[in-house]
2 protein chains.
Amino acid sequence: MRTVGILGGMGPEATILLMQRLLRAVPARNDADHIPLIVHQNPAVPSRIARLIEGQGEDPGPVLAAMARDLQAAGAKALAMPCNTAHGFVPQIIAASSLPFLDMRTATVATLPPGRVGMLASPAVRLTGVFDEAMKSAGTEPVWPQDDAPVLALIQRVKAGGSGPDAMTQMAQLADQMARQSDHLLVACTELSLLTGAIAQPFTDSLDCLVTAIAAFAQGHTPD
Amino acid sequence: MRTVGILGGMGPEATILLMQRLLRAVPARNDADHIPLIVHQNPAVPSRIARLIEGQGEDPGPVLAAMARDLQAAGAKALAMPCNTAHGFVPQIIAASSLPFLDMRTATVATLPPGRVGMLASPAVRLTGVFDEAMKSAGTEPVWPQDDAPVLALIQRVKAGGSGPDAMTQMAQLADQMARQSDHLLVACTELSLLTGAIAQPFTDSLDCLVTAIAAFAQGHTPD
């Protein structure tokens, strides 16, 4: 199997969730059946939201580029990043190493049904348009929450460790509201991937799509 | 904070448990409060049990040494390994890099009360004597299960993904049995750390001791 390097820590709990889902995605009888990873759990990547929404703070791009180089030095054969918002910095990551990058957006959009997609995602994902090109070419149309504040508050709450009952209730309300305006829901924030148990409607979780792409690469089902 | 390199994947679920406990050990308001790690989640480390107990299979030592070099190349400032049995290969790991090694045995034995310690651990830990020296100098005396087979079966069960109610019941029985022969219990197998919820008696979990040592190093409370 081929080792995949993970640009992680955005947030650290979402990175752990990716690792857990990868474990569950592989039928295993012993350790050796599992996917090899090198995980850069770097919680000190400068805030993507502060940079992209508020236009302030340190640029995360050079930090992510350095992480890509670290992962290649450690022996990773491809890179993946369980943070949708940070995909706004993919050009800097790709330029920093010679490894293939398993893009969560491409992996996700390929699985979406056509039509209106209710986005359960950070306002930073909308403002930076990271999903726009891939969704447009797939014939899907993103629909966004009318008010950014509750989504952003929920994401910050999860980052502070709050994925308990209150967060689940807020997630359910957000999903209900977005489902009324769309044909299918897309969880495109890995912090919100921690709360998918609260969603009653049909949905796709971008983190699951990345899990599939990582497993396929590691097991050699995709080209180098 | 200083990044700690984790020699992981033995098994992969125990490595994830270490990461979760590190998250919970740090009071955090945002991502950046958490401990930076580079995690070598390598499920292909040759079986420690096969090599140490059955005397067969590939030597895990060179693989662990290569992982230590990978982690140093990626920027880790110290090494730690959430697998008690694999501490039998610590000399090879230390020789492979110039980084300090945060030894789980030392961190654990320092916290044990004196007296008889009921070992909830792999027979490989007994056969290799990895804890013997540290426990002797601390004035504690290990007491081992009379029959290796049930413990080994339980560990293999967890490695195959079984940490459900049946495994918890077996863990509770094992703890009851060992508590009758000792003053304090020690979980010295990170697979069994997944089942500590089943233990009714006072116990120390070596994984928790490693978490404390990693957090202290990362936060600069221990020398380089």
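Residues numbered from 1 in each chain as written. Chains lettered and ligands numbered in written order. Predicted model: local features only at pLDDT ≥ 70, side-chain atom pairs only at ≥ 80, totals over all residues. Heavy atoms only, no water.

Enquirer: Quick question: what am I supposed to make of the pattern of salt bridges here?
Expert: Pairing between side chains becomes possible if they bear opposite charge and their charged atoms approach one another. Residues and elements named next belong to chain A. Taken as a whole and assessed by the stated rule, the structure comprises 12 salt bridges over all chains. Across the salt bridge formed by Asp 183 and Arg 116, the nearest N and O atoms sit 3.3 Å from each other. Here Arg 116 lies in strand 5 (residues 115-120) and Asp 183 lies in the loop between helix 9 (165-179) and strand 7 (184-187), a separation of 67 residues in the sequence. In this structure Arg 116 comes out as partly exposed when scored by relative accessible area, which is 35%. (Salt bridge = Lys/Arg side-chain N within 4 Å of Asp/Glu carboxyl O. Helix = DSSP H or I, 4+ residues; strand = E, 2+ residues; numbered from the N terminus. Buried < 20%, exposed > 50% of the residue type's maximum accessible area, 1.4 Å probe, protein only.)

Enquirer: Is there a simple way to explain the domain arrangement of chain A in this structure?
Expert: Interfaces are often sized by the accessible area lost when the parts come together. Residue and element names in this part refer to chain A. Here chain A is partitioned into domain 1 (4-103 + 208-218) and domain 2 (106-206). A straight line from the C-alpha centre of domain 1 to that of domain 2 covers 20 Å. On the side of domain 2, 27 residues touch domain 1, which itself brings 21 residues to the contact. Where domain 1 abuts domain 2, roughly 1,800 Å² becomes buried across the two surfaces, and 59% of that area is made up of carbon and sulfur atoms. Along the contact surface separating domain 1 from domain 2 lie 1 salt bridge. Among the ionic pairs, Asp 205 bridges to Arg 21, the shortest N-O distance being 2.7 Å. (Domains from an automatic or database assignment. Contact = heavy atoms within 4.5 Å. Buried area = accessible area lost by both parts, 1.4 Å probe.)

Enquirer: Help me out: how do you make sense of the relation of the copies chain A and chain B in this one?
Expert: Between the two copies of the chain lies a rotation about an axis combined with a shift along it. Each copy of the sequence occupies a distinct position, and chain A is placed on chain B by a rotation of 180° and an axial shift of 0.0 Å, giving an RMSD of 0.0 Å. The transformation just described matches what one would write down for a two-fold rotation axis. Take the interface residues of chain A: 100% of them recur as interface residues in chain B, which is what a same-surface contact looks like. (Least-squares fit on C-alpha atoms with pLDDT ≥ 70 in both.)

Enquirer: Teacher, can you tell me more about helix 10 (residues 206-218) of chain A here?
Expert: Every α-helix winds through 3.6 residues per turn, so residues three or four apart in the chain are directed the same way. All names here are of chain A. In this model, helix 10 (13 residues) spans 18 Å end to end at C-alpha, consistent with the 18 Å of a helix rising 1.5 Å per residue. Taken across its 13 residues, helix 10 has 10 buried, putting it largely inside the fold. For helix 10, the full list of buried residues reads Ser 206, Leu 207, Cys 209, Leu 210, Val 211, Ile 214, Ala 215, Ala 216, Phe 217 and Ala 218. Two or three places before Leu 207, at the start of helix 10, stands the capping residue Asp 205, its side-chain oxygen 2.9 Å from that residue's backbone nitrogen. Backbone geometry just after helix 10 places Gly 220 at a positive phi near 85°. (Expected span 1.5 Å × (residues − 1). Polar contact = N/O pair within 3.5 Å; in protein donor to acceptor, adjacent residues only side chain to side chain.)

Enquirer: Teacher, can you tell me more about the environment of Ala 96 of chain A here?
Expert: Residues and elements named next belong to chain A. Topologically, Ala 96 is positioned in helix 4 (residues 90-96). Along the sequence, Ala 96 and Ala 65 sit 31 residues apart, while their C-alpha atoms lie 5.2 Å from each other. Dropping the residues within four chain positions of it, Ala 96 is found in contact with Ala 65, Ala 68 and Arg 69.

Enquirer: I keep staring at unusual backbone geometry and nothing clicks. Help me out?
Expert: Across the chain, the bulk of peptide bonds are trans and the bulk of non-glycine residues have phi less than zero. Residues Met 10 of chain A and Gly 11 of chain A are joined by a peptide bond in cis, for which omega reads -10°. With respect to the secondary-structure elements, Gly 11 of chain A resides in the loop between strand 1 (4-8) and helix 1 (12-25).

Enquirer: I would appreciate a short explanation of the packing of helix 1 of chain A against helix 10 of chain A in the present structure.
Expert: All names here are of chain A. The contact between helix 1 and helix 10 brings their axes to 10 Å, and the two run at 55°. Relative to helix 10, the element helix 1 lies oblique. The way helix 1 lies across helix 10 gives a crossing that is right-handed. Counted together, Ala 14, Leu 17, Leu 18, Arg 21, Leu 22 and Ala 25 of helix 1 and Leu 207, Asp 208, Leu 210, Val 211, Ile 214 and Ala 215 of helix 10 form the full contact between these two elements. Its residues assigned to classes, the contact of helix 1 with helix 10 comprises 10 nonpolar, no polar and 2 charged. (Axes fitted to C-alpha atoms, helices over the stretch in contact; angles between N-to-C directions. Parallel < 35°, antiparallel > 145°, perpendicular 65-115°, else oblique. Left-handed = near helix turned anticlockwise from the far one by under 90°. Nonpolar A, V, L, I, M, F, W, Y, C, P; charged D, E, K, R; others polar.)

Enquirer: When you look at the nonpolar core in this model, what are you seeing that I'm missing?
Expert: Nonpolar side chains in soluble globular proteins tend to be buried together. Grouped together as the largest cluster of nonpolar side chains are 46 residues, with contacts concentrated most on Val 4, Leu 37 and Ile 214 of chain A together with Val 4, Leu 37 and Ile 214 of chain B. When near neighbours in sequence (up to four residues on either side) are disregarded, Val 4 of chain B contacts Pro 36, Leu 37, Ile 38, Ala 76, Ala 78, Leu 79, Ala 80, Leu 102, Ile 214, Phe 217 and Ala 218 of chain B. Counting residues in each nonpolar core, the second largest holds 44 residues, with Ala 76 and Leu 99 of chain A together with Leu 71 and Met 81 of chain B among its members. (Core = buried A, V, L, I, M, F, W, Y, C linked by side-chain atoms within 4.5 Å.)

Enquirer: Would you mind showing me how to read the sheet that holds strand 2 (residues 37-41) of chain B here?
Expert: Through backbone hydrogen bonds, the strands of a sheet pair up, either in parallel or in antiparallel fashion. The 8 strands are arranged 4(A)-3(A)-1(A)-2(A)-2(B)-1(B)-3(B)-4(B) in an open sheet whose pairing can be described as mixed. One side of each edge strand has no neighbouring strand; the edge strands of this open sheet are strand 4 (101-102) of chain A together with strand 4 (101-102) of chain B. Those strands touched by helix 1 (residues 12-25) of chain B are strand 2 (37-41) of chain A together with strand 1 (4-8) and strand 2 of chain B, and its axis lies near 165° from that of strand 2 of chain B. (Pairing = 2+ DSSP bridges.)

Enquirer: What's the story with the confidence of the model for chain A in this structure? I'm lost.
Expert: Detail in the predicted coordinates should be disregarded across regions flagged by low pLDDT. Scored by pLDDT, chain A comes out at a mean of 92, with 99% of its residues at no less than 70. Both scores are given for the predicted complex: the pTM is 0.93, the ipTM 0.91. (pLDDT = per-residue confidence, 0-100.)

Enquirer: Explain the packing of aromatic side chains to me, please; I cannot follow it from the model alone.
Expert: What describes a pair of aromatic rings is the distance from one ring centre to the other and the angle between the planes of the rings. As enumerated under the stated definition, the model contains 0 aromatic pairs over all chains in all. In this structure, Arg 2 of chain A is placed above the aromatic ring of Phe 217 of chain A, and the distance from its NZ or CZ to the ring centre is 3.8 Å. (Phe/Tyr/Trp six-rings, centres within 6.5 Å; stacked < 30°, edge-to-face > 60°. Lys NZ or Arg CZ within 6 Å of the ring centre and 35° of its normal.)

Enquirer: Sorry, what's going on with the sheet that holds strand 7 of chain A here?
Expert: Residue and element names in this part refer to chain A. Ordered by their spatial adjacency, 4 strands build an open sheet running 6-5-7-8, and the pairing between neighbours is parallel. Of all the strands in the sheet, the pair left with one neighbour each is strand 6 (140-143) and strand 8 (203-205). Mean inter-strand twist for the sheet, computed between neighbouring axes without regard to direction, equals 30°. Relative to strand 6, strand 5 runs parallel, the two sharing 4 bridges. Counterpart to Gly 118 in the pairing with strand 6 is Val 143. Where helix 10 meets the sheet, its contacts fall on strand 7 and strand 8, and the angle it forms with strand 8 comes to roughly 55°.

Enquirer: Please clarify how helix 3 (residues 60-73) of chain A should be interpreted in this entry.
Expert: Residues and elements named next belong to chain A. The end-to-end C-alpha distance of helix 3 is 20 Å, a good match for the 20 Å that 14 residues give at a rise of 1.5 Å each. Within helix 3, the full set of buried residues consists of Pro 60, Gly 61, Val 63, Leu 64, Ala 65, Met 67, Ala 68 and Leu 71. Those residues of helix 3 that are buried are in contact with strand 1, strand 2, helix 2 (48-52), strand 3 (78-80) and helix 4. With a side-chain oxygen lying 2.9 Å from the backbone nitrogen of Gly 61, the N-terminal cap of helix 3 falls on Asp 59. Just downstream of helix 3, Gly 75 is the residue with a positive phi angle, here 110°.

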